[in-house]
Amino acid sequence: LGQRVLVLEARDRTGGRTWTAPCPGTDVGVDWGAEWIIPGLHPQMESLAREFDVTTESEPEDTEWVVPAGRFRGSYEDLKRTRPGFVAGLEALQAWYERAEERELSLTGLLRECVRDATDRMLIAAAFFPLNGADPEDVSSLAIREKIRFHAGSIDRTLDPEILRLEQGSGAIAAGLAAGLGNDIRLGWPVHAIDASAGGVEVFGPVGSLQAKRALVAVPLAVLGRIRFSPVLPVPKTLSDAANCGRVTKLWALVKGDAGPARWQTTHPLRLLYGRRVAGEQLISAQGLYRDLAPADGTRLATLLRSACPGLEVIEVRAHAWTADRWAGASWMTGRRATYRPLCEAIDAMEGPLKLIGGDVAGDWSGWMEGAIRSAADGVRWATRE
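The structure contained in this document is the topic of the report that follows. Just so it is clear, the model here is predicted, and its values are computed rather than measured. (Residues numbered from 1 in each chain as written. Predicted model: local features only at pLDDT ≥ 70, side-chain atom pairs only at ≥ 80, totals over all residues. Heavy atoms only, no water.)

1. Observations concerning the overall build of the chain
Within the chain, the regular secondary structure consists of 14 helices and 20 strands. Over its C-alpha trace the chain gives a radius of gyration of 21 Å, about what one expects of a compact globule, namely 21 Å for 386 residues. When its C-alpha atoms are laid out on the principal axes, the chain stretches across 65 × 50 × 40 Å. Within the chain, buried positions represent 51% of all 386 residues. Contacts spanning at least 24 positions in sequence make up 72% of the contacts within the chain whose residues lie at least 6 apart. (Helix = DSSP H or I, 4+ residues; strand = E, 2+ residues; numbered from the N terminus. Rg over C-alpha atoms; globule rule 2.2 N^0.38 Å. Buried < 20%, exposed > 50% of the residue type's maximum accessible area, 1.4 Å probe, protein only. Contact = heavy atoms within 4.5 Å.)

Next up, the structure:
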């Protein structure tokens with residue numbers, strides 16, 4: 001496109017919340033952040049997977065749902081066949097989406113209005129957790145509406161999408177993209193100030209400053225407020241700090257024994273749990289809210305895994321708390337109630353030689369790798385305009 005580009009990366013690695021590294025006790029690469037794509041709905045990621053020879057694998061369908069009323073073994077479709085109240089709740093959510101109401105609720109409030117039976121309400125809340133990674137009391141119903149829109153306007157496709165794991169890890173795509181930049185990327189270069197004027201942009205970092213015609217700022221919202229902008233951004237620090245309520249801590253463990261079915265649960269700190277067998281090793285991953293898992297030391301994590309999967313022998317376990325990560329501050333983007341609408345309005349008000357990009361602010365598929373790639377493409381088109 002005839003433009004000279006320089007990428008400044010705060011971390012000592014590329015990828016951000018797309019990060020592939022060995023599972024504890026093994027040489028098997030696993031994803032500590034973004035892990036899945038949806039065929040048909042994520043064409044950009046599918047294209048990149050082909051470009052970098054990254055293959056995919058399907059997730060097992062065997063699922064156990066654990067809610068206060070008990071355990072239910074079966075797929076999402078099995079629940080629809082056996083629980084009329086579950087179906088009625090889904091239909092009410094679909095009708096709510098199609099009414100396009102502007103009234104904002106929390107996800108908890110939305111489910112309370114749409115799903116009559118408490119058990120079915122908990123089952124649907126469990127299905128929402130992998131999508132949001134947040135306390136349902138915090139999640140904005142406006143953000144839920146957007147997530148349903150991303151999934152072709154279907155509540156079923158939103159809560160039960162066909163997902164594929166990238167076998168070599170999402171980091172393989174991040175590494176392929178970084179390799180294409182050659183010397184035009186600088187690691188360990190956190191930006192602490194950006195001065196934007198009609199004449200261009202000056203970016204201040206650990207060793208002086210750099211100048212450019214325009215700048216694309218791909219920074220997680222939760223850490224955006226650490227950068228001093230002049231003129232001040234229309235996105236206040238109080239808003240950017242709070243707007244993403246994603247609070248997932250993700251763990252991986254090497255174990256012995258039967259990992260059992262994937263588990264979606266509301267009665268245990270490990271709210272999502274699934275096994276994966278690779279190269280003869282039994283691995284298990286789980287996700288929970290930061291507040292429920294902190295401190296996430298190995299002894300406590302092993303105890304939680306054994307309580308969730310009795311009889312499991314935990315060889316080694318480790319977690320990454322994205323909320324405590326200094327360059328993330330939160331996990332994937334989920335709009336917080338009372339901040340989601342003003343955030344969108346503030347981003348729309350931006351003008352001048354700066355543009356926010358990335359998965360947190362993507363117009364489509366925010367919170368997903370697909371959203372980050374689409375947002376970056378939009379940013380390139382903006383930056384190269386005459």
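2. Here we look at the pairing of strand S6 (residues 63-67)
Within S6, five of the five residues are buried, leaving the element largely enclosed by the surrounding structure. Residues of S6 alternate between two faces, with Thr63, Trp65 and Val67 on one and Glu64 and Val66 on the opposite face, all of them buried. Note that S6 and strand S16 (residues 262-265) share four bridges and pair parallel. Among the inter-strand pairings, tryptophan 65 is bridged to a residue of S16, identified as tryptophan 264. For S6 and strand S7 (residues 70-73), the ladder comprises four bridges, and the chain directions are antiparallel. Bridging from a neighbouring strand, valine 67 pairs with glycine 70 of S7. Linking two consecutive strands that pair antiparallel, namely S6 and S7, is a turn of two residues. (Pairing = 2+ DSSP bridges.)

3. Some words on the nonpolar core
In this structure, Ile124 and Phe128 are the most contacted members of the largest nonpolar core, which totals 50 residues. With residues up to four places along the chain from it excluded, the contact list for phenylalanine 128 reads Leu93, Leu107, Leu111, Ile144, Ile155 and Leu159. Membership of the second largest hydrophobic core comes to 22 residues, among which are Trp189, Ala196, Val217 and Val235. (Core = buried A, V, L, I, M, F, W, Y, C linked by side-chain atoms within 4.5 Å.)

4. Quick notes on the environment of glycine 359
On the secondary structure map, glycine 359 appears in the loop between strand S20 (354-356) and helix H14 (369-383). Here glycine 359 falls in the buried class, since its relative accessible area comes to 16%. Residues glycine 359 and methionine 369 lie 10 residues apart in sequence; the distance between their C-alpha atoms is 6.7 Å. Look past the residues within four positions of glycine 359 in its chain and what remains in contact with it is Met333, Ser366, Gly367, Gly371 and Ala372.

5. Thoughts on the side chain of serine 285
Secondary-structure assignment places serine 285 in strand S18 (residues 281-289). Residue class for serine 285 comes out buried when judged on its relative accessible area of 0%. Among the polar contacts made by the side chain of serine 285, one reaches the main-chain carbonyl oxygen of leucine 251 at a distance of 2.9 Å. Ignoring any residue separated from it by four or fewer positions in sequence, one finds serine 285 in contact with Lys250, Leu251, Trp252, Leu272, Leu273 and Tyr274. (Polar contact = N/O pair within 3.5 Å; in protein donor to acceptor, adjacent residues only side chain to side chain.)

6. Description of the pattern of salt bridges
Under the criterion given, the structure shown has 28 salt bridges. Beyond isolated ion pairs, a larger network of salt bridges with shared partners links Glu35, Glu57, Glu59, Arg165, Lys250 and Arg276. (Salt bridge = Lys/Arg side-chain N within 4 Å of Asp/Glu carboxyl O.)

7. Digging into the environment of isoleucine 37
Position of isoleucine 37 relative to the elements: it lies in strand S4 (residues 36-37). Overall, the relative accessible area of 1% leaves isoleucine 37 in the buried class. In this structure, the C-alpha to C-alpha distance between isoleucine 37 and threonine 56, residues 19 residues apart in sequence, is 9.0 Å. In this view, isoleucine 37 contacts His42, Met45, Glu46, Thr56, Glu162, Ile163, Leu164, Leu166 and Met369; residues no more than four positions away in its chain are not counted.

8. Digging into the packing of helix H3 (residues 84-99) against helix H5 (residues 118-132)
Relative to each other, H3 and H5 sit at 60°, their axes nearing to 9 Å. If you check the angle between H3 and H5, you find them oblique. For the crossing formed where H3 meets H5, the hand is right-handed. In this structure, H3 contributes Gly85, Phe86, Gly89, Leu90 and Leu93 to the contact, and H5 contributes Asp120, Leu123, Ile124 and Phe128. (Axes fitted to C-alpha atoms, helices over the stretch in contact; angles between N-to-C directions. Parallel < 35°, antiparallel > 145°, perpendicular 65-115°, else oblique. Left-handed = near helix turned anticlockwise from the far one by under 90°.)

9. What to know about the environment of threonine 18
Its place among the elements puts threonine 18 in the loop between strand S1 (7-8) and strand S2 (20-22). With a relative accessible area of 15%, threonine 18 lands in the buried category. Residues threonine 18 and serine 197 lie 179 residues apart in sequence; the distance between their C-alpha atoms is 32 Å.

10. A short note on the packing of aromatic side chains
Per the counting criterion, the structure on display carries nine aromatic pairs. Summarising the aromatic geometry, the rings of tryptophan 19 and tryptophan 322 are spaced 6.2 Å apart at their centres and angled 90° between planes, so their arrangement reads as edge-to-face. Here tryptophan 322 lies in the loop between strand S19 (313-321) and helix H13 (340-348) and tryptophan 19 lies in the loop between S1 and S2, a separation of 303 residues in the sequence. Given a relative accessible area of 23%, tryptophan 19 falls into the partly exposed group. An aromatic cluster is present here, built from Trp65, Tyr76, Phe86 and Trp264 joined pairwise through their rings. (Phe/Tyr/Trp six-rings, centres within 6.5 Å; stacked < 30°, edge-to-face > 60°.)

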